[in-house]
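Coordinate inspection notes
Below are the chains, spelled out letter by letter.
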Amino acid sequence: PAAVAAALRRPMPLRPFRATRIGTLFHDWVEHRSTGAIEAAAIDELELVGLDPVESGPGEMIADAAPERLRALQATFAASEWGDRRPIAVELELHLPIGANVFLCKLDAVYEVADGSDLAQRGIRYQVVDWKTGKAPVSARDLELKQTQLALYRLAYASWAGVEPDVIDAVFYFVEDDRVIRPDELYDEAALRRAWASVASSVSPASV
């Protein structure tokens, strides 16, 4: 907790990793594809932007598999349940105040739930989807951290849209694994406040 708090208070620039760049390009591609902001032919040009050859030695550059990986992610997404759907919001940045803190929530996409679907029959009207280009969580701890992110996103969208959190579903789609992960439980506001209070109380002023 102390390290996380210190990083939040004094963020330092980091070298962009290739995996991060691929994730950014994939998100850009999904945004353009979902909103129809550019022509379909131009979307493919996003594949190679920022994916330069890898330096193998002094003055030597070699190609790597990054463009192929990006194309594979695109193909998997296009065949997914969201491939042909148009979101009602994409790359939506919201600020969620909890106590004395404000959480920055950037929602990848929000969809209206189709009438007659299983979610609709449960009273769900909206679905927040967070795209992940990395590997799916392999431990209960990792899943716990990620479900907290979804809970924050759900609460932020509910506050922004003026609806009850109970009508919002939130899931991760791990594109490379073609796997949808829906937490067993999405924390409500009271649980999130308790969790944050517990973290904040464990961090001494000297450590931050």
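Residues numbered from 1 in each chain as written. Predicted model: local features only at pLDDT ≥ 70, side-chain atom pairs only at ≥ 80, totals over all residues. Heavy atoms only, no water.

1. Thoughts on the sheet that holds strand β7 (residues 179-181)
Pairing is mixed across the open sheet formed by five strands, whose spatial order is β3-β4-β5-β6-β7. Each edge of the open sheet is held by one strand with a lone partner, namely β3 (89-98) and β7. Along the sheet, successive strands turn relative to each other by an average axial angle of 40°, direction set aside. Two strands pair when backbone bridges link them, and strand β6 (residues 168-174) and β7 are joined in this way by three bridges, in the antiparallel orientation. Bridging across to β7, Y173 finds its partner in V180. Contacts from helix α6 (residues 140-161) reach β3, β4 (101-112), β5 (126-132), β6 and β7, with the element oriented near 135° to β6. (Pairing = 2+ DSSP bridges. Helix = DSSP H or I, 4+ residues; strand = E, 2+ residues; numbered from the N terminus. Axes fitted to C-alpha atoms, helices over the stretch in contact; angles between N-to-C directions. Contact = heavy atoms within 4.5 Å.)

2. Some thoughts on the environment of A66
Take A66: it is sitting in helix α4 (residues 66-78). Judged by its relative accessible area of 7%, A66 falls in the buried class. Sequence-wise, A66 and R21 are 45 residues apart; in three dimensions their C-alpha atoms are separated by 9.6 Å. (Buried < 20%, exposed > 50% of the residue type's maximum accessible area, 1.4 Å probe, protein only.)

3. Description of the layout of surface pockets
Considered as a void within the structure, the second largest pocket measures approximately 160 Å³ in volume. What lines the second largest pocket is simply R122, I124, R154, D166, I168, D169, A170, R182, P183, D184, E185 and L186. Per-element accounting of the lining of the second largest pocket gives the leading share, three residues, to β6. In the lining of the second largest pocket, the residues fall into five nonpolar, no polar and seven charged. (1 Å grid on protein atoms, 1.4 Å probe; cavity = no way out; pocket = protein on both sides within 12 Å on 5 of 7 lines; lining within 4 Å. Points joined across faces, edges and corners; volume = space filled by probe spheres on them. Nonpolar A, V, L, I, M, F, W, Y, C, P; charged D, E, K, R; others polar.)

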